[in-house]
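Fold and geometry: a report
For reference, the chains in residue letters:
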Amino acid sequence: MVRAIMSLMGDARPPYRWWALGAAGSGVDVHRDPVNTHAWNLLAAGCKRWALLHPSLSEEETGEDSVHDGEATVSWFINVLPGIAARHPGKVLVVDAPADSLLYLPSGWWHATWNLEAVNVAVTHNFVTWEGFCSCWARICAPDARAAVDDVHEVCEASHVLE
């Protein structure tokens, strides 16, 4: 059923499934997943630290732009995340996911990852529910959203490793 919902988007469908391979210390900066999608992440090998931030927090409150290009994601975990957790008690969760764990990420949640072991291998899949399809479709069809989806497609096509 999920495949049928996403396939209704045709060429506008954003990238939705990735393999991720990362070494210790690598990770992904704080972000939200594309256009109102939910996600699951299966860690096949390694250990991944997740920071999950409540969707009510703004970009500014999450420190989304506080890690500069070329700077390791770990700096956000060490220097920025503790302040966010102190300012927003109950809105920040930190989870260490071991190998063979499955994490569900609801739509709208901010998140960042930090790979803790020498080799970390994961597969992740974004999906939209029937309840969220209309808002997802509306965001994709908005003029600025179309450009954002094109940018994501371009980045995903250009890289083979996302972490």
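See the structure shown above.
Residues numbered from 1 in each chain as written. Predicted model: local features only at pLDDT ≥ 70, side-chain atom pairs only at ≥ 80, totals over all residues. Heavy atoms only, no water.

Description of the overall build of the protein chain
Here is the rule: By definition, any uninterrupted DSSP run of H or I lasting at least four residues is a helix, any uninterrupted run of E lasting at least two residues is a strand, and each is numbered from the N terminus. Throughout, exposure labels follow a simple rule: accessible area from a 1.4 Å probe, protein chains only, divided by the maximum for the residue type, with under 20% read as buried, over 50% as exposed, and the rest as partly exposed. For this analysis, residues touch if any pair of their heavy atoms sits within 4.5 Å. Areas reported as accessible are Shrake-Rupley estimates using a 1.4 Å probe. Residue values count occlusion only from the protein chains shown.
For the protein chain, the helix and strand inventory stands at 5 helices and 8 strands. Secondary structure elements of the protein chain, listed N to C terminal, follow the sequence α-β-β-β-β-α-α-β-β-β-β-α-α. Across the 163 residues of the protein chain, 42% fall into the buried class. Within the protein chain, contacts between residues at least 6 apart in sequence are counted, and of these 87% link residues at least 24 apart. In the structure as shown, the protein chain presents an accessible area of about 8800 Å², 60% of it carried by carbon and sulfur atoms.

With respect to the sheet that holds strand 6 (residues 101-105)
This is how it is decided: Only strands joined by at least two bridges in the DSSP assignment are considered to pair. Axis definition: a line fit to C-alpha positions, over the contact stretch in the case of helices; interaxial angles, taken between N-to-C directions, run 0 to 180 degrees.
Taken together, the 4 strands give an open sheet; going across it, the order is 1-8-3-6, and neighbouring strands pair in antiparallel fashion. Each of the sheet's edge strands pairs with one partner strand only, and the pair in question is strand 1 (17-23) and strand 6. Adjacent strand axes in the sheet meet at a mean angle of 20° when their direction is disregarded. Of the pairings in the sheet, the one linking strand 1 to strand 8 (residues 119-127) comprises 7 bridges and is antiparallel in character. Bridging across to strand 8, R17 finds its partner in H125.

Notes on empty space enclosed by the protein
Space left empty within the atom packing is revealed by a probe, the size of a water molecule, rolled over the atoms. Our working rule: Computed over the protein atoms alone on a 1 Å grid, cavities are sets of points where a 1.4 Å probe fits but cannot get out and pockets are open sets with protein on both sides within 12 Å along at least five of seven lines; a residue lines them when it has an atom within 4 Å of a point. Grid points are joined across faces, edges and corners, and a volume is the space filled by probe spheres set on the points. Note on residue categories: nonpolar means Ala, Val, Leu, Ile, Met, Phe, Trp, Tyr, Cys or Pro, charged means Asp, Glu, Lys or Arg, and polar means any other residue, Gly included.
Summed over all chains, the structure comprises 1 cavity of 30 Å³ or more. Taken as a whole, the largest cavity encloses approximately 40 Å³ of empty space. Residue lining of the largest cavity: D33, P34, N36, T37, L105, P106, S107, G108 and W109, and that is the complete set. A breakdown of the residues in the lining of the largest cavity according to their chemical character gives 4 nonpolar, 4 polar and 1 charged.

Things to note about the sheet that holds strand 5 (residues 92-98)
Each strand in a sheet pairs with its neighbour through backbone hydrogen bonds, running either in the same direction (parallel) or in the opposite one (antiparallel). Spatially, 2-7-4-5 is the arrangement adopted by the 4 strands of the open sheet, whose pairing is antiparallel. If you trace the sheet from one side to the other, it starts and ends with strand 2 (27-31) and strand 5, each paired once. Recorded for the sheet is a direction-independent mean angle of 20° between the axes of neighbouring strands. Where strand 2 meets strand 7 (residues 110-115), 3 bridges bridge the pair, whose relative direction is antiparallel. In the sheet register, V28 faces strand 7, and the bridge partner there is T113.

Thoughts on the pairing of strand 4 (residues 47-53)
In terms of burial, strand 4 is a largely internal element, 6 of the 7 residues being buried. Bridging between strand 4 and strand 5 involves 7 bridges; their strand directions are antiparallel. Across the sheet, the residue bridging to R49 is D96, located in strand 5.

Details of the nonpolar core
Basically, it comes down to this: For the purposes of this section, nonpolar cores are sets of buried Ala, Val, Leu, Ile, Met, Phe, Trp, Tyr and Cys residues that join through side-chain atoms within 4.5 Å.
In this structure, V30, A51, L53, W76, F77, L81 and I84 are the most contacted members of the largest nonpolar core, which totals 15 residues. Those elements that provide at least two residues to this core are strand 4, helix 3 (74-87) and strand 7. Here this core gets 6 residues from one element, more than from any other, and that element is helix 3. Beyond its immediate chain neighbours, meaning those up to four positions away, L81 contacts A51, W76, V92 and V94. If you look at the next biggest cluster of nonpolar residues, it comprises 7 residues, including W50, L52, A97 and W109.

Some details on the pattern of salt bridges
Close approach of charged atoms allows side chains of opposite charge to pair. The following threshold applies: Take a side-chain nitrogen of Lys or Arg and a carboxyl oxygen of Asp or Glu: if they are within 4 Å of each other, that pair is a salt bridge.
Within the structure shown, the criterion is met by 1 salt bridge. Between D96 and R49 there is a salt bridge; the shortest N-O distance is 2.6 Å. On the criterion of sequence distance, the pair formed by D96 in strand 5 and R49 in strand 4 is long-range, its members being 47 residues apart.

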